[in-house]
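# What the coordinates show
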Amino acid sequence: MSRNSRRDFLKNAALLGVATLPMSLVRLSFAKSGDDFTFAYISDSHIQHIKGNQFVRNWDMGLKRAVAEANLLVPKPDFVVYGGDLAQLGTKAELDHGAEIMSALKYKTHYVMGEHDYYLDLGAYWEKLFGPQWHSFDHKGVHFIVLNSVLTHHHWTYERWPTAERRMAEMSGLDNPNGSPFMVGEKQREWLKNDLAKVPKSTPIVVFSHSPLQKIFKGWNFWTDDAEQVQAILKPFQRVSVIYGHVHQIQYNQIGNISFHSVMATAWPWPYPQSYALAESHLPVLTVPMNRADPFFERDATGWQFMNVKTGRVDLTYQLPNNTTRTVAFNAKTGKPGDIAYQEKTKRIPPQDHY
Amino acid sequence: MITYPKVWFAAAAVALSFNFAGARDDGLLGLPALDVPSDNPITKEKVVLGERLFNDTRFSSTGKISCATCHSPAKAFTDSPLKTSKGINDLTGTRNSPTVLNSAFNLTQFWDGRSPTLENQSLHPFVNSVEMGLKDHAPIIETIRNDPAYVEAFKKAFNGIDQGKISMTEVTRAIAAFERTLIDGDSRFDRWYYKGEPTLTANEIKGFQVFIGNGRCVSCHAVEHTSALFTDHKFHNIGVGINRIPGKDLAQMAQEFLRAKYNREEVDEKVLKNPLASDLGRFAVTLEMTDMGGFKTSTLRNIDLTAPYMHDGSLKTLDEVVEHYNRGGASSDKEPINPYLSGGIRPLNLTTAEKKNLVAFMKTLTSGKHLKK
Ligand SMILES: [Fe+2]
Ligand SMILES: [Fe+2]
């Protein structure tokens with residue numbers, strides 16, 4: 001983005017401004033006037049232990065970069081949110097190593113639980129490092145809620161698997177028939193109801209969860225099984241934003257009063273699920289090696305994302321490496337978010353149909 | 001097939017043909033078609049004038065420095081073996097002099113790409129305090145207007161322009177036109193790769209395999225089907241220079257830049273003049289964090305002749321360059337990997353033979369035409 005257009009962007013947009021290098025800076029202006037503030041969001045680093053003191057280099061580098069960039073941010077964020085999946089297999093070594101990289105951050109950090117953090121010891125060591133699995137806090141007129149949305153059925157969690165390692169492995173697979181859908185669960189929903197009982201309906205609410213609090217695609221757990229019940233609890237509030245990790249890709253949605261936005265991963269981008277495609281794929285098998293080291297650019301699709309909630313709706317501007325900057329803004333006509341440059345069919349970039 | 005307007009140059013001093021369709025014994029084998037701006041067509045008169053301006057030392061505060069001082073035809077248009085360039089009064093800059101050869105193909109000029117064209121680029125060294133040291137461009141115009149030979153040459157090159165109308169526009173156009181003739185292909189590699197001639201040894205060919213394979217070089221130093229400029233025209237943090245900035249200073253400088261951007265103000269002079277800021281690279285131009293410590297991918301053509309290497313000349317030999325990349329972006333085992341490192345840079349685990357062959361391959365990229373022995 002050129003310097004000028006960037007300035008215009010800051011001038012025109014400005015509010016909940018987020019950046020994800022892999023990290024997001026969120027600027028909330030619907031807080032009490034004069035109390036504008038920003039927070040940063042980092043998610044899905046999947047720190048992976050190989051052996052001894054060896055960890056997968058690329059995942060380390062993604063998180064280190066996010067931390068380094070977050071420390072440079074102007075304006076300074078008031079706090080940081082970590083969106084979950086700090087570890088890959090939830091081990092002490094991985095959580096410790098991730099916590100050590102995160103310790104370079106100069107800000108107070110709130111942690112969200114991811115399934116890769118949870119299913120080895122059901123969050124025991126994570127809680128020691130990062131605090132409670134769900135909590136809420138008020139900051140300059142906004143009520144923030146952190147949920148653990150990756151829980152599942154009691155039987156699957158406690159009785160089905162012979163070992164904790166096996167349980168972790170089963171939950172980390174995609175399209176796995178042995179998997180189980182994520183949920184917030186009754187106990188936490190009760191807590192949420194009580195927590196919100198004392199909050200005025202006009203207070204802006206921002207919910208952080210790891211999985212989307214909506215149903216997108218079950219095979220990859222882009223899904224929360226009791227999403228409708230959680231949404232019902234949030235329904236009485238005028239302005240609600242749900243910001244989630246887990247999906248490692250760009251998603252946005254509007255359900256009633258609730259705006260949903262994903263935050264990209266520091267580790268790797270997911271494609272949209274093959275098994276979710278409505279048409280059969282005819283992608284040929286690559287038999288001729290390409291004249292390049294591929295994939296070369298490890299930070300692809302883990303770019304910056306600026307959120308603006310000036311209107312109480314979240315508008316996002318994405319800056320991806322080697323890509324045109326795109327803005328997804330709330331469209332008053334359609335009543336939902338849309339890509340402002342690509343709404344007209346004739347204006348869309350045609351999909352690639354040869355390889 | 002690209003056909004270039006077969007213009008002007010048939011009888012020029014520098015034999016250069018833009019007919020890309022014919023037999024390639026024109027020294028351009030392996031180069032793409034050259035984009036020439038429509039407002040600055042290349043003519044013989046302009047090129048001759050440009051070369052003269054390029055070599056004229058009067059356009060510096062001491063009368064001793066010309067473009068050619070740091071871009072010497074005898075040194076493949078660099079000032080090899082200097083680490084960083086020496087300008088007026090032996091003052092040194094912070095960057096290694098890049099070759100002018102094939103710079104006509106660059107999409108941006110300078111190591112940080114802050115200049116968009118050759119025409120714009122040549123404006124700056126004249127008035128840089130450690131390069132040619134002038135306060136402004138006025139003395140250049142004055143010298144030219146008072147030199148009858150120049151007045152005559154400008155008339156010939158620019159449609160009979162009046163003495164009083166000669167400006168930096170014409171000066172920089174003439175220099176750019178000259179630089180656009182300094183394009184060189186037809187290396188041993190080009191003859192092997194694009195013509196199938198047996199010009200490479202078995203080890204050099206193995207080196208090319210490393211170049212496009214394990215070495216991961218080709219991802220930035222691009223080789224195309226019909227031509228190769230050995231650059232992607234992009235900017236990458238490869239772990240050179242950035243480690244010289246102490247962490248505290250980096251944060252402080254970066255925040256000065258970002259604060260200026262946020263407040264829509266100009267960046268403070270003090271920051272811009274801080275020599276440490278030079279190693280922020282492309283970031284200081286775009287103010288994008290993804291550009292932190294990034295520098296332009298340089299061409300590899302004639303690389304054997306342009307040591308030392310990298311934007312700061314910090315690596316003396318091609319072997320050191322290969323070791324740097326093999327470590328995944330560090331110049332010694334002690335040096336830390338910086339967190340802003342470009343996503344493509346990672347440890348390579350090359351064998352000794354692979355490294356040797358890779359260097360041998362790079363030495364096949366030397367062209368001959370514009371190199372004065
Ligand atoms: Fe994840
Ligand atoms: Fe996840």
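Residues numbered from 1 in each chain as written. Chains lettered and ligands numbered in written order. Predicted model: local features only at pLDDT ≥ 70, side-chain atom pairs only at ≥ 80, totals over all residues. Heavy atoms only, no water.

## Considerations on the overall build of chain B
- Helix and strand counts for chain B stand at 14 helices and two strands.
- For chain B, the C-alpha radius of gyration of 21 Å lies close to 21 Å, the compact-globule estimate for 373 residues.
- Projected onto its principal axes, the C-alpha positions of chain B cover 60 × 55 × 35 Å.
- Expressed as a percentage of the 373 residues in chain B, the buried residues total 55%.
- Considering only contacts in chain B between residues 6 or more positions apart, those separated by 24 or more positions represent 65%.
- For chain B, the exposed area adds up to about 16,500 Å²; of that, 53% sits on carbon and sulfur atoms.
- In chain B, the 45 positive side-chain charges and the 43 negative ones have mean positions that sit 2 Å from each other. (Helix = DSSP H or I, 4+ residues; strand = E, 2+ residues; numbered from the N terminus. Rg over C-alpha atoms; globule rule 2.2 N^0.38 Å. Buried < 20%, exposed > 50% of the residue type's maximum accessible area, 1.4 Å probe, protein only. Contact = heavy atoms within 4.5 Å. Areas by Shrake-Rupley, 256 points an atom, 1.4 Å probe, with all protein chains shown as cover. Lys, Arg positive; Asp, Glu negative; His and termini not counted. Charge placed at Lys NZ, Arg CZ, Asp CG, Glu CD.)

## Describing the overall build of chain A
- A tally of helices and strands in chain A yields nine helices and 16 strands.
- Within the span of chain A, comprising 355 residues, buried residues form 56% of the whole.
- For chain A, long-range pairs separated by at least 24 residues make up 67% of all intrachain contacts whose partners lie at least 6 apart in sequence.
- Roughly 16,000 Å² of accessible area belongs to chain A as shown, and the carbon and sulfur atoms make up 54% of that amount.

## Concerning the coordination of the iron ion (ligand 2)
- Donor atoms from the polypeptide that bind the iron ion (ligand 2) are A:Asp85 (OD), A:Glu115 (OE), A:Glu115 (OE), A:His210 (NE2) and A:His246 (ND1), placed at 2.1 to 2.7 Å.
- Counting along the primary sequence, the residues that act as donors to the iron ion (ligand 2) give the motif D-x29-E-x94-H-x35-H. (Donors = N, O, S within 2.8 Å, 3.2 Å for Na, K, Ca; no water.)

## Remarks on the coordination of the iron ion (ligand 1)
Residue and element names in this part refer to chain A.
- Protein-derived coordination of the iron ion (ligand 1) comes from Asp44 (OD), His46 (NE2), Asp85 (OD) and His248 (NE2), at a distance range of 1.9 to 2.3 Å.
- Because the angles between the four donor atoms bound to the iron ion (ligand 1) fall within 87 to 178°, the donor set is best described as irregular.
- Donor residues for the iron ion (ligand 1), ordered by position in the chain, follow D-x1-H-x38-D-x162-H. (Tetrahedral: all angles 85-135°; square planar, octahedral: opposite > 155°, others 65-115°.)

## Some words on empty space enclosed by the protein
Residue and element names in this part refer to chain B.
- According to the stated counting rule, one finds two cavities of 30 Å³ or more in the structure shown.
- When its volume is computed, the second largest cavity comes out at roughly 40 Å³.
- Taken together, Asn102, Phe105, Asn106, Leu229, Thr231 and Thr299 make up the lining of the second largest cavity. (1 Å grid on protein atoms, 1.4 Å probe; cavity = no way out; pocket = protein on both sides within 12 Å on 5 of 7 lines; lining within 4 Å. Points joined across faces, edges and corners; volume = space filled by probe spheres on them.)

## Quick word on the domain arrangement of chain B
Residues and elements named next belong to chain B.
- Assigned domains of chain B: these are domain 1 (44–179) and domain 2 (242–292).
- The distance between the C-alpha centroids of domain 1 and domain 2 comes to 28 Å.
- When the two sides are added together, the surface that domain 1 and domain 2 hide from each other amounts to roughly 410 Å², 46% of it contributed by carbon and sulfur.
- The largest contributions to the domain 1 side of the interface with domain 2 come from Thr94, Arg95 and Asp112, which together make up 78% of the buried area.
- Across the contact surface, domain 1 and domain 2 share zero salt bridges.
- Taken together, the links from domain 1 to domain 2 amount to four residue pairs in polar contact (both at pLDDT 80 or more).
- Of the residues belonging to the side of domain 1 that touches domain 2, the class tally is no nonpolar, two polar and three charged. (Domains from an automatic or database assignment. Buried area = accessible area lost by both parts, 1.4 Å probe. Salt bridge = Lys/Arg side-chain N within 4 Å of Asp/Glu carboxyl O. Polar contact = N/O pair within 3.5 Å; in protein donor to acceptor, adjacent residues only side chain to side chain. Nonpolar A, V, L, I, M, F, W, Y, C, P; charged D, E, K, R; others polar.)

## So, the confidence of the model for chain B
Residue and element names in this part refer to chain B.
- Of the residues in chain B, 92% reach a pLDDT of 70 or more, and the chain-wide mean stands at 90.
- Counting contacts from residues 1–24, a segment whose pLDDT is below 50, to residues more than four positions away or on other chains yields 46 contacts.
- ipTM for the predicted complex: 0.83, alongside a pTM of 0.84. (pLDDT = per-residue confidence, 0-100.)

## Some details on the pairing of strand β2 (residues 37–42) of chain A
Residue and element names in this part refer to chain A.
- Taken across its six residues, β2 has six buried, putting it largely inside the fold.
- Alternating residues of β2 divide into Phe37, Phe39 and Tyr41 and Thr38, Ala40 and Ile42, and every residue in both groups is buried.
- As paired strands, β2 and strand β5 (residues 79–82) are joined by four bridges and run parallel to one another. Bridge pairing in β5 links Tyr41 to Val81. (Pairing = 2+ DSSP bridges.)

## Observations concerning helix α14 (residues 352–362) of chain B
- All of the buried residues in α14(B) are B:Glu354, B:Lys355, B:Asn357, B:Leu358, B:Val359, B:Phe361 and B:Met362.
- Structurally, α14(B) contributes buried residues whose contacts are with α8 (188–195), α9 (202–212) and α13 (318–326) of chain B.

## Focus: the sheet that holds strand β12 (residues 258–262) of chain A
Residue and element names in this part refer to chain A.
- The six strands lie next to each other as β7-β8-β9-β10-β12-β11, forming an open sheet whose pairing is mixed. Among the strands making up the open sheet, the edge pair consists of β7 (135–139) and β11 (252–255). Mean inter-strand twist for the sheet, computed between neighbouring axes without regard to direction, equals 20°.
- Of the strand pairs in this sheet, strand β10 (residues 240–244) and β12 are connected by five bridges, and their pairing is parallel. Of the residues in β12, the one forming a bridge with Ser241 is Ser259.
- Each of β7, β8 (142–146) and β9 (205–209) touches helix α8 (residues 186–197); the most contacted strand, β8, lies at about 170° to it.
- Against the sheet, helix α9 (residues 227–234) contacts β9, β10, β11 and β12, and its axis sits at roughly 125° relative to β12. (Axes fitted to C-alpha atoms, helices over the stretch in contact; angles between N-to-C directions.)

## Some details on the confidence of the model for chain A
- This prediction gives chain A a mean pLDDT of 81; 73% of its residues lie at or above 70.
- Confidence drops under pLDDT 50 across residues 1–22 of chain A; counting only partners more than four residues distant or on other chains, this segment forms 89 contacts.

## Digging into the environment of A:Ala265
- If you trace the backbone, A:Ala265 turns up in the loop between β12 and β13 (304–308).
- Between the alpha carbons of A:Ala265 and A:Gln231 there is a distance of 25 Å; along the sequence they are 34 residues apart.

## Points about the packing of aromatic side chains
Residue and element names in this part refer to chain B.
- Tallying each qualifying case throughout the model produces 38 aromatic pairs over all chains.
- Ring geometry for Phe189 and Tyr193: centres 5.1 Å apart, planes at 20°, overall stacked. Of this pair, Phe189 and Tyr193 both sit in helix α8, four residues apart, which is roughly one turn of the helix.
- Since its relative accessible area comes to 0%, Phe189 is described here as buried.
- Ring geometry for Phe208 versus Phe361: centroids 5.3 Å apart, planes at 50°, classification tilted. With Phe208 in helix α9 and Phe361 in helix α14, the pair connects residues that are 153 residues apart, well separated along the chain. Side by side, Phe208 and Phe361 carry an identical accessibility label, which is buried.
- Taken together, Phe189, Trp192, Tyr193, Tyr194, Phe208, Phe211, Phe230 and Phe361 form an aromatic cluster joined through their ring pairs.
- The positively charged end of Arg52 is found above the aromatic ring belonging to Tyr150, 4.3 Å away from the centroid.
- Above the plane of the ring of Phe235 lies Arg282, whose end atom (NZ or CZ) is 4.0 Å from the centre. (Phe/Tyr/Trp six-rings, centres within 6.5 Å; stacked < 30°, edge-to-face > 60°. Lys NZ or Arg CZ within 6 Å of the ring centre and 35° of its normal.)

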